[in-house]
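# Overview (structure and organization)
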Amino acid sequence: MNSFFETYRDLKYLLNRNYRKKSALDFVSNHYGLNAFERNFFGRCVFSDDHLEVVNKKVTDLTKDFKTKSIAIDGFNVLITLESLIEGVAIFCEDNVIRDLKYQKGYKLTEKSEEKIEIILKTMLKLNLNNFDVYFDEPTSKSGEISKITRNLMEKYSISGEVILSKKVDFELKHYEFVATSDFHIIKNVTGFLDIPKIVSKNYNLDVKNFLEIIKKGKLEV
């Protein structure tokens, strides 16, 4: 039995008994001597069975008519995850949601940022969604520049909606019916959620490493 499987088993056991995730993760990480990257991997990817049940119910059926629904995008969450996907540093977690493993603070604006935002907006348009808001965390670095780029692209593609800088993005997003995000704290408070990186991975035939495969292999190589 490899140490990754044992870590997963113990963390899962504690989460299913309603231990706080941080406390449970600290305990098993110290016990098995995980490095920071491995700790981040388990923290991002392992959940209680109750969590899995909630997420399964909130996965949005993309065949629905969203024209009368309130929809928003969790801007930095989706953008950073998409960039991680393209760079090969994203993963299908236990709840089948794609999350980033870049382990970075803030946002790094590059010459490719506009291209990534354009992919996000085009993905929404392909779903016949052309009326939605996009939120960015105001305290995050480069939030002003990213908001301006997004606003210009939405105007270019005749997308209705606002680009909003907020100091309380999570709170704001919980007032929408549907949100594009991988943040469980938001997912559990809305009617449904969209996993844009997952849609992009299918549209562009991008390979995404699977959490369970890494657990079985016992080695993290992303």
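Everything numeric here is computed off the predicted structure, so don't read it as measured data.

### Side note on the UniProt feature "domain: DUF434" (unreviewed entry) in the chain
Sequence positions flagged by UniProt for "domain: DUF434" (unreviewed entry) are, in local numbering, residues 4-58. Summarising residues 4-58: 82% helix, 0% strand, and an end-to-end C-alpha distance of 29 Å.

### Thoughts on the domain arrangement of the chain
Domain annotation of the chain identifies domain 1 (3-55 + 209-217) and domain 2 (59-90 + 101-204). Here domain 1 and domain 2 have C-alpha centroids that lie 26 Å from each other. Each partner contributes to the interface: domain 1 provides nine residues, whereas domain 2 provides seven residues. A combined buried area of about 820 Å² lies between domain 1 and domain 2, and 69% of that area is made up of carbon and sulfur atoms.

### Quick look at unusual backbone geometry
Residue Asn 96 is not a glycine yet carries a positive backbone phi of 65 degrees. In the Ramachandran plot, Ser 158 falls in the positive-phi region, its phi being about 55 degrees despite a non-glycine side chain. With respect to the helices and strands, Ser 158 occurs in the loop between helix 7 (143-156) and strand 5 (163-166). When its relative accessible area of 57% is taken as the criterion, Ser 158 is described as exposed.

### Description of empty space enclosed by the protein
In this structure the tally under the stated criterion is two cavities of 30 Å³ or more. For the largest cavity, the calculated volume is near 60 Å³. Counting residues per element, the ones that place at least two in the lining of the largest cavity are helix 5 (75-87), helix 6 (113-126) and strand 4 (133-137). Among the elements that make up the lining of the largest cavity, the one with the highest residue count is helix 6 (three residues). Its residues placed into classes, the lining of the largest cavity shows seven nonpolar, two polar and no charged. Taken as a whole, the second largest cavity spans an internal volume of roughly 30 Å³. Contributions of two or more residues to the lining of the second largest cavity are made by helix 5 and helix 10 (196-203). The leading source of residues in the lining of the second largest cavity is helix 5, at three residues. Each residue belonging to the lining of the second largest cavity can be placed in one class, and the counts come to five nonpolar, four polar and one charged.

Procedures and definitions
- Residues numbered from 1 in each chain as written.
- Predicted model: local features only at pLDDT ≥ 70, side-chain atom pairs only at ≥ 80, totals over all residues.
- Heavy atoms only, no water.
- UniProt positions renumbered as here; feature names shortened; annotations may be inferred.
- Helix = DSSP H or I, 4+ residues; strand = E, 2+ residues; numbered from the N terminus.
- Domains from an automatic or database assignment.
- Contact = heavy atoms within 4.5 Å.
- Buried area = accessible area lost by both parts, 1.4 Å probe.
- Buried < 20%, exposed > 50% of the residue type's maximum accessible area, 1.4 Å probe, protein only.
- 1 Å grid on protein atoms, 1.4 Å probe; cavity = no way out; pocket = protein on both sides within 12 Å on 5 of 7 lines; lining within 4 Å.
- Points joined across faces, edges and corners; volume = space filled by probe spheres on them.
- Nonpolar A, V, L, I, M, F, W, Y, C, P; charged D, E, K, R; others polar.

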